[in-house]
Structures are given as C-alpha cells and as structure tokens.
Amino acid sequence: MLTNKIKHKIVLLFLFLVFFLSSLEYSQHSFAAPPITVLPTTNAQAIPLKDDLELVTRNLDWVKKNLQKKEQEMRESVDPGLKQELTQELFDLRKRMRMTEGRLMELAAGIPWEDAQQVSESVGNKRDVINELQDLVVPVLDALQRVSKRPRKIEGLRREIDTLENKILLLDQGKGNLQGLMLNYAQEKQLVTKLQELQQFLWDKQEELKLRLADLKGKLNLELSQEKSLVVVMGELTSQFFSRRGQHLMLSILGFALVFILLLRLRRWLHPEEWFNRKEELKWLKRPFALLYNLLVAVLSFCTLLFCLYVLNDWVLLTFFMLVLLSILWSLKQLMPKFIVEGKLLLNLGSVREDERVVWNGISWRVDTLGPHTTLVNPALEGGAVRVRAQDLLHLYSRRIVAGEEWFPCKRGDWVDLSDGSYGEVVLQTPEQVVLQLDGLCKKYYRVGDFLAQNPKNYSHGYVISVTLALSYSLQAEIVSGKIQQILEEEITASLKIFTQYKCNQGNNSETENLISKVQVIFINPGNNALELAIRVSVAENGAVFRGILSSEVNSIILTSCCKHGWNIPYPQVVVHSANLS
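Below: a short report on this structure. No experiment lies behind these values; they were computed from the predicted model shown.

Comments concerning the sheet that holds strand β13 (residues 531-539)
Part 1: Taken in spatial order, the three strands of this open sheet run β11-β13-β12, and their pairing is antiparallel. Edge positions in the open sheet fall to β11 (463-471) and β12 (516-526), since each of these has one partner strand only. Averaged over all pairs of adjacent strands, the angle between their axes in this sheet comes to 20°, without regard to strand direction.
Part 2: Most of the contacts of helix α16 (residues 547-565) go to β11, to which it runs at about 25°, and overall it touches β11, β12 and β13.

See the structure below:
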C-alpha cells in the first residue's frame, strides 16, 4: 500500500495538471474571437464616454490633417533626401490613422477591434511549419502564448504610457528653456522668430504625444475594466476544464487505470512464476520475465492514455503527454550506461542474486528482493532488514545458502566471551551495534565490525570447564589403576550437584537440575615432576550465566579432594649440576 507521503505527492501532482490544463482551456476560450452578442442598453460599461469619443475624434482629425499636409509637401518637394524623410513620416501617419480608427471602433462598437481584425485575417491561413516536431509543439506553445497575452498587453501599455509621460515632461522642459531664451533675447527679432518656430514645433509634438497618451490610457482602462476577480477566474477555469478537457483527461486516466489493473490481474491469474519454478534450470528466467512484464504493462497503459486522447481529438493534452514521454526518454538516454551496468543485477543475472548469501559491510545477509533498492535480510539481527542501492552491490558476490548455516555468532540473550576479556550477555544486536551486559549494571557497546573482530565465543550452547591437575609420582599406582580418577569424578559430580541446587539458583531446582551434564577425569601426560590429569566438566546451555562461579567451584572441589585424600601436588623442581673442579 502507498504511504501517506506518496499519496500527498500524487494528489499535488494531479491538482497541478488540472489547473495547468484548465488554464490552457481558459486561454483558448478567453482570447479567441468573442461571439456576436447584443449587449443590453442598461449596461453602463457598454456605453462609451463622450469625452473619450471626442478625444479620439480630435486625434483622428489631427492625423488626417497632418497626413494631407505631408502629402502636399511630398508632391511639391524636389529634394530626394526630403522625399525619403517625408515617405517615412507618411508611413507613420497612415499607421497611426489605422490605429486611431481601430480605437474609435473599439469605443463605438464595444469590442476589441485588434483581436477581431487578427481573427478575420487569420481565417483560411495555413500554419507554416518546419517539420513534424513543430506540429506537435505548436498547439502547446500557442496555448501558452494565449494565456500570457492579456497580461503582456497590459504591461506593454503601461510601459508605453510611462515612456510617453517622460517624453511629455522632457518637451515641457524644452518649451520652458525656449521661453527663457526668448525673454533674454527679446531685442533680437530674427532669433526670437526662430525660437518661436522651435517652440511651436515642440508644442505640436507635445500635443501629438498627449493625444497618443490619452489613446493608450483609454485602452489600458478598457483592459482593466474587463479584469475579473480571482474567484470568478478560478470558477470559470474549473467549469471550463471539467466541461471539455477535464472530461478528456478523466477518460484517458480511466483507460490507463483499466489496462494497468487488467494486465496486473492477468499476471496474478496465470501465475507465470510457477512455470519457471518447476525446473531448476529455468528459475533464472523468473526475474527477467517479471521485470519485462512490468515494463510492458507500463508501456501499454501509457499508449492507451495517448490513444484515448487521439480518439477524443484533444491535441493539447496529447502533445503535453508526448512531451512528457520525450523528456522521460531523453533522461533515460543520459542514464542508459548506468542502467546497462545495473540491468544484469536487476534481472537476477549478475554476481548477486536473490535468495543467496552475500557479505556486505562485514555481515552476512540474505538477498531478499533485487531492485533499484535491494532488500537485504539477516534474521539473527534486530531490525535486520536494510535497503541498499543496486550500485552498491555491483562489486559483491553471492553464493547459495547452506542448510543450517548461522547468520551471526550470537543472538539476544546469549553469553559471549571476547578477545579483549569481556564476558557478558548480549542485550541488543542490530546491523550497527552490539551491546553487552557485563557483571552488575555495566554495559559495553561495540560496533558490529569491532565486535566480530574480537572473535566472540558463544557459551549459550553449552561449554566445558577444563582444569589440569598435576600429582606426585608417588601416586603413580593409583593413577594407573584409575582409582584417583574415579574418586575425583564422583566427588566433583556430587559437590557440583549440591552447589548448583543451593548456590547457583538458591534452592530452585527447576533451572539447575541438569546444569552439569558430564564430569570426566583422564590421565594425559607424565611430566618431568608430576603426573598430569585433565578434569573436564561439561555444562549445559543454561549454565552460561554461572560460568565464573562454576569455574571457581570446580577448582575449589579439586583442591578439597586433594587435601582430603592426601594427594601431593608437587612444586616445579630445578636440578642444578655443578662441575667437578678437583
């Protein structure tokens, strides 16, 4: 089952797709040519202001007057340079006249004349595309352009208004400077006349800019008056999305889900893995078949989604998902060398295979599942399941598991003896650390690698207390006859039985009844100064906790028996030979 975090990510991704695609749908409806409708006369916004109409009319009259003036100058001029300059001015005036006429149409008819003219001009025109890829990309690019058309238009109007206002202020400054010069040179009539001509030129230019500024402000106010609130826009986006494109998306996702679920169900019904388990030589095909089948499920499901969009004739969504597919394939192209190296491992054909034993970080693990993140399991460790990247296993080698093979030297509750002299109970062992409970309340912590380097001896499966006893050669006959060995075995067995009952468990015989499994005394070696006997006391599994006191008690019993029967334990002797100097 999916975790909550993954579910949240899927929901956020779905909402993003919904609002992105709905914005594309909204842009197509919002910026296309509006249908012809009759506005009610009671709508105050549909009635243009008289001042705006008069301003645009004066602007149009001024342009026509200047156009006639420039045309007259063009006919009378004989200077080629002046004709070229007049040609450019006539071109600008005609362009401005068309814009002013369009503005008048917008105010009078109440429609965006520029958009209507563009639509009428674009009808019947065939898009000029370079190749097939451009045909796929153009719908999305057009939709994105339409989404940002109105904000870009408003920003352009504001930027142009700021520019014109700065120019008008600059012209005011120039007119003021000319007025000051005329006052300073009032006696120079010829110069004053020239300055008056310049002042008139600046005034005409300023009036032209003011008319243009008023025209732009009117356009900006018209655009801003049509602006809708965020709630209204979001409502329209949602309704438009679910009215057409949302339905297409839902149907496509439904087709994707149906194919995906049916193919997975088909695999569960057929159980193809069992076909490969019937023969040992075919087991290696199980993992490649599973991965290839999953890949086929993903490809067929995605193709079903694209086919649904194609049948529904939704080219925007189809192009969007095609671009997503192309981006995924392009990313895979960059990662292909890495996938080729890891592919053999994921297909269970590499040096590490499923259900085999591998050594990683100094610990033995069973390879549970192979994948981009392989799961390793050690049943003897607490929390003994780790996820490892596949690339971290490329340099490792696995082998088949041997029946009865142990996965760790000990488990929780075992008593171990380490090379550093520590002896205690294992109270915790994880893939990172092992904790020993020593005598009393002291705990000792080891990293797993350091713990294994101490060559731990596990006493919880039973152990042997071994003591070597050296007796005098005067007891040779009794040792050879086995009398001393028999006496020692009987006395050690009887004494340890009493000791374990009343000392180790304070009279509770349930746990220590079979604590000592066997006592054996044998002759092992005739030494230089004594005859050596080996006493071996076998302790059961539940005697690991009593290892220290049992070893001490065995030595005490042996010494007591020697004193009781008068058995001499000789000291080591050194013989010194001196040379005869006589």
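Considerations on the environment of Val 467
Part 1: Mapped onto the fold, Val 467 is located in strand β11.
Part 2: Through-space distance from the C-alpha of Val 467 to that of Ile 558 is 9.2 Å; in sequence the pair is 91 residues apart.
Part 3: Not counting residues within four places of it along the chain, the set of residues in contact with Val 467 comprises Leu 533, Ala 534, Ile 535, Val 554, Asn 555 and Ile 558.

Concerning the pairing of strand β2 (residues 363-369)
Part 1: As paired strands, strand β1 (residues 357-360) and β2 are joined by four bridges and run antiparallel to one another. Its bridge partner lying in β2, Arg 357 is registered against Arg 366.
Part 2: As consecutive antiparallel partners, β1 and β2 are separated by two residues, and within that stretch Asn 361 has a phi angle of approximately 55°, a positive value.
Part 3: Of the strand pairs in this sheet, β2 and strand β3 (residues 373-377) are connected by three bridges, and their pairing is antiparallel.

With respect to the pattern of salt bridges
Part 1: By the definition in use, this model includes 17 salt bridges.
Part 2: Across the pair Lys 217 and Glu 165 runs a salt bridge whose closest N-O atoms are separated by 3.6 Å. Placement of the pair is Lys 217 in helix α7 (residues 189-225) and Glu 165 in helix α6 (residues 149-184), with a sequence separation of 52 residues.
Part 3: A salt bridge links Glu 405 to Arg 357, with the nearest nitrogen and oxygen atoms 3.5 Å apart. With Glu 405 in the loop between β5 (398-399) and β6 (415-417) and Arg 357 in strand β1, the pair connects residues that are 48 residues apart, well separated along the chain.
Part 4: With relative accessibility at 24%, the residue Glu 405 sits in the partly exposed group.
Part 5: Residue Arg 357 is classed as buried on the basis of its relative accessible area of 7%.
Part 6: Overlapping salt bridges bring together Arg 96, Lys 205 and Glu 208 as one network.

Some words on the sheet that holds strand β7 (residues 423-429)
Note on sheets: strands pair through backbone hydrogen bonds, and any given pair is parallel or antiparallel.
Part 1: Strand order in the open sheet formed by five strands is β9-β8-β7-β6-β10, with antiparallel pairing between adjacent strands. Here the strands that pair on one side only, and so sit at the sheet edges, are β9 (443-447) and β10 (457-458).
Part 2: The pairing of β6 with β7 spans three bridges and is antiparallel. Bridge assignment links Asp 417 to a residue of β7, and that residue is Tyr 423.

The rules we used
Residues numbered from 1 in each chain as written. Predicted model: local features only at pLDDT ≥ 70, side-chain atom pairs only at ≥ 80, totals over all residues. Heavy atoms only, no water. Pairing = 2+ DSSP bridges. Helix = DSSP H or I, 4+ residues; strand = E, 2+ residues; numbered from the N terminus. Axes fitted to C-alpha atoms, helices over the stretch in contact; angles between N-to-C directions. Contact = heavy atoms within 4.5 Å. Salt bridge = Lys/Arg side-chain N within 4 Å of Asp/Glu carboxyl O. Buried < 20%, exposed > 50% of the residue type's maximum accessible area, 1.4 Å probe, protein only.

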